[in-house]
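Residue-level structure breakdown
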Amino acid sequence: MRRIPYCNQMTHHILLTIDVEDWFQVENFKPWIPFESWDSRELRVEKNTHRLLDLLDDARVQKSTLSPPTSGSELPGSNTKSSESCKSCPRKPKATFFVLGWLAERLPRLVREIQARGHEVASHGYSHELSNQCSTDCLKQDLLKSKKLLEDITGDRVYGYRAPSFSISDDVLRVIAEAGYLYDSSYNSFSLHGRYGKVSINGNKKRGVAHLLSNNFYELPISNLRLGKKIFPFGGGAYFRLMPPAFFRFGVRRILNQQGAYLFYVHPWELDYEQPRVREASANFKFRHYSNLGKTHQRLERLINRFSDCRFVTCTEYLELEGGRSARQD
Ligand SMILES: [Zn+2]
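**Let's talk about the environment of proline 108**
- By secondary structure assignment, the location of proline 108 is in helix H3 (residues 108–116).
- On a C-alpha basis, the gap between proline 108 and leucine 150 in space is 8.3 Å, while along the polypeptide they are 42 residues apart.

In structure tokens, the structure reads:
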């Protein structure tokens, strides 16, 4: 039986984001799986990303009130199937896929598949080095290389960037803007996770939940729940897998009521309970990485179903909705 969706109003936006990286590229396993060994590891990301793409294809959410793409539109995913431009039909939710350049180089067909299924392709950098620990030159090379790689594969402009492990800083934001991106989506305000970066974005003008940082450059933060002065992690990832689903949905509802938009993140490996185990890793890392992998698929389906009356948009679509045409100026 179909459950009654939550929000029942088109003013609430949900931004699903996927960090496309494989099981051996996560930061917590870096001490045991060095970059030099990546080529010898089993690639599982293609199959797992297809599971996410199929899940999104099978889901149905509220009709779109976005204008159908015009010919020559630069909007990522503008090559969506014609049925999706029907304003009165339920459509599948669109998402933003932040793809690691190293993977794009080896699996260009996967990048094209993401694009062909109507989603936004954005960058997760090239080699998954923490952005706030790279030199400016090194970071800029990584940002430019991954952007160009994805643009060469898709033939479309890449607008967005997500730093590995949300390793952001004010300096990193400046370099991202200089590298020609329209937005960053790496700020996670949950401060108890030691690796997440800090930025001073609060004095800036806002467009919905997006912060306008400089001329036509935005920060789209990961959503968290604010209760009084405390911030609780409700953005996705391990928190999504570890919290009871009803409690997680309660948090999402509160965020939508507080902020009007909710930005969620997940990784393809989070749907893969058969992935190789890194037995040498600490118990804490293993707990966070491997808990409830077999439940992620069903939980994500239910999350989308429960909020299916919200508007599911890509990051660039959201900026365009909130900021008008200026969001996509070249
Ligand atoms: Zn990552």
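Here the narrative resumes, following the displayed structure.
**Some details on the packing of helix H4 (residues 136–154) against helix H5 (residues 170–178)**
- Packing of H4 against H5 brings their axes to within 10 Å, and their N-to-C directions diverge by 45°. In terms of orientation, H4 and H5 fall into the oblique class. As H4 packs across H5, the resulting crossing turns out to be right-handed. The residues of H5 that touch H4, namely those facing Thr136, Leu139, Lys140 and Leu143, are Val172, Val175, Ile176 and Glu178.
- Its residues placed into classes, the contact of H4 with H5 shows five nonpolar, one polar and two charged.

**Topic: the packing of aromatic side chains**
- The full count for this structure, using the stated rule, is 17 aromatic pairs.
- Consider the rings of phenylalanine 166 and tyrosine 265, whose centres lie 5.0 Å apart with planes at 80°: the pair is edge-to-face. On the criterion of sequence distance, the pair formed by phenylalanine 166 in the loop between strand S4 (160–161) and H5 and tyrosine 265 in strand S11 (residues 261–266) is long-range, its members being 99 residues apart.
- With relative accessibility at 5%, the residue phenylalanine 166 sits in the buried group.
- A relative accessible area of 4% places tyrosine 265 in the buried class.
- Taken together, the ring pairs in this structure connect Phe234, Phe240, Phe247, Phe248, Phe250, Tyr262 and Phe264 into an aromatic cluster.
- The aromatic ring of tryptophan 102 is capped on one face by arginine 106, whose charged end is 3.7 Å from the ring centroid.

**Concerning the coordination of the zinc ion**
- The zinc ion binds to the protein through Glu21 (OE), His124 (NE2) and His128 (NE2); the donor distances cover 1.9 to 2.1 Å.
- The sequence motif formed by the donor residues of the zinc ion is E-x102-H-x3-H. Here histidine 128 lies in the loop between strand S3 (120–123) and H4 and glutamate 21 lies in the loop between strand S1 (13–20) and helix H1 (45–58), a separation of 107 residues in the sequence. There is no split in this pair, since glutamate 21 and histidine 128 are both buried.

**Examining H1**
- The terminal C-alpha atoms of H1, which comprises 14 residues, lie 20 Å apart, in line with the 20 Å expected from a rise of 1.5 Å per residue.
- Where H1 is concerned, the buried positions are Val45, Glu46, Asn48, Thr49, Leu52, Leu53, Leu55, Leu56 and Asp57.
- On the buried face of H1, the contacting elements are S1, strand S2 (95–99), helix H2 (101–106), H3, S11 and helix H9 (296–306).

**Focus on the confidence of the model for the protein**
- The share of residues in the protein with pLDDT of 70 or more is 85%, and the mean pLDDT across the chain is 87.
- Every residue in residues 65–85 is under pLDDT 50, and counting partners more than four places away or in other chains gives 34 contacts.

**Considering the packing of helix H7 (residues 245–259) against H9**
- For the pair H7 and H9, the least separation of the axes is 11 Å and the interaxial angle reads 40°. Overall, the two elements H7 and H9 adopt an arrangement that is oblique. Of the two possible hands of crossing, H7 and H9 adopt the one that is right-handed. Contact residues: Pro245, Phe248, Arg249 and Val252 in H7; Arg299, Leu303 and Arg306 in H9.
- Along the lines of polarity and charge, the residues of the contact of H7 with H9 split into four nonpolar, no polar and three charged.

**Quick look at the environment of glutamate 105**
- With respect to the element layout, glutamate 105 can be found in helix H2.
- Distance in space between the C-alpha atoms of glutamate 105 and leucine 149 is 7.1 Å, their sequence separation being 44 residues.
- Setting aside chain neighbours within four positions, we find glutamate 105 in contact with Tyr126, Lys145 and Leu149.
- Separated by 2.5 Å, the side chains of glutamate 105 and tyrosine 126 make a polar contact.

**What about the side chain of threonine 17?**
- On the secondary structure map, threonine 17 appears in strand S1.
- Of note is the side chain of threonine 17, whose polar atom sits 2.8 Å from the side chain of arginine 162.
- If near-sequence neighbours (up to four positions away) are discounted, threonine 17 is found in contact with Thr96, Phe98, Arg162, Leu263, Phe264, Tyr265, Val266 and Cys315.

**Some words on the environment of glycine 125**
- Within the secondary structure, glycine 125 is located in the loop between S3 and H4.
- Residue classification places glycine 125 among the buried residues on the basis of a relative accessible area of 1%.
- Put simply, glycine 125 and lysine 147 are 22 residues apart on the chain and 7.8 Å apart in space, counted from C-alpha to C-alpha.
- For glycine 125, the residues in contact, after removing those within four places along its chain, are Val99, Leu100, Gly101, Asp142, Ser146, Tyr161 and Arg162.

**Examining the pattern of salt bridges**
- Summed over all chains, the structure comprises 17 salt bridges.
- Its salt-bridge partner being arginine 44, residue glutamate 42 comes within 2.9 Å of it at the nearest N-O pair.
- Judged by relative accessible area, arginine 44 falls into the buried class, the value being 7%.
- Here the salt bridges do not stand alone but share partners, grouping Asp54, Asp57, Lys92, Glu113 and Arg117 into one network.

Calculation notes
- Residues numbered from 1 in each chain as written.
- Predicted model: local features only at pLDDT ≥ 70, side-chain atom pairs only at ≥ 80, totals over all residues.
- Heavy atoms only, no water.
- Helix = DSSP H or I, 4+ residues; strand = E, 2+ residues; numbered from the N terminus.
- Axes fitted to C-alpha atoms, helices over the stretch in contact; angles between N-to-C directions.
- Parallel < 35°, antiparallel > 145°, perpendicular 65-115°, else oblique.
- Left-handed = near helix turned anticlockwise from the far one by under 90°.
- Contact = heavy atoms within 4.5 Å.
- Nonpolar A, V, L, I, M, F, W, Y, C, P; charged D, E, K, R; others polar.
- Phe/Tyr/Trp six-rings, centres within 6.5 Å; stacked < 30°, edge-to-face > 60°.
- Buried < 20%, exposed > 50% of the residue type's maximum accessible area, 1.4 Å probe, protein only.
- Lys NZ or Arg CZ within 6 Å of the ring centre and 35° of its normal.
- Donors = N, O, S within 2.8 Å, 3.2 Å for Na, K, Ca; no water.
- Expected span 1.5 Å × (residues − 1).
- pLDDT = per-residue confidence, 0-100.
- Polar contact = N/O pair within 3.5 Å; in protein donor to acceptor, adjacent residues only side chain to side chain.
- Salt bridge = Lys/Arg side-chain N within 4 Å of Asp/Glu carboxyl O.

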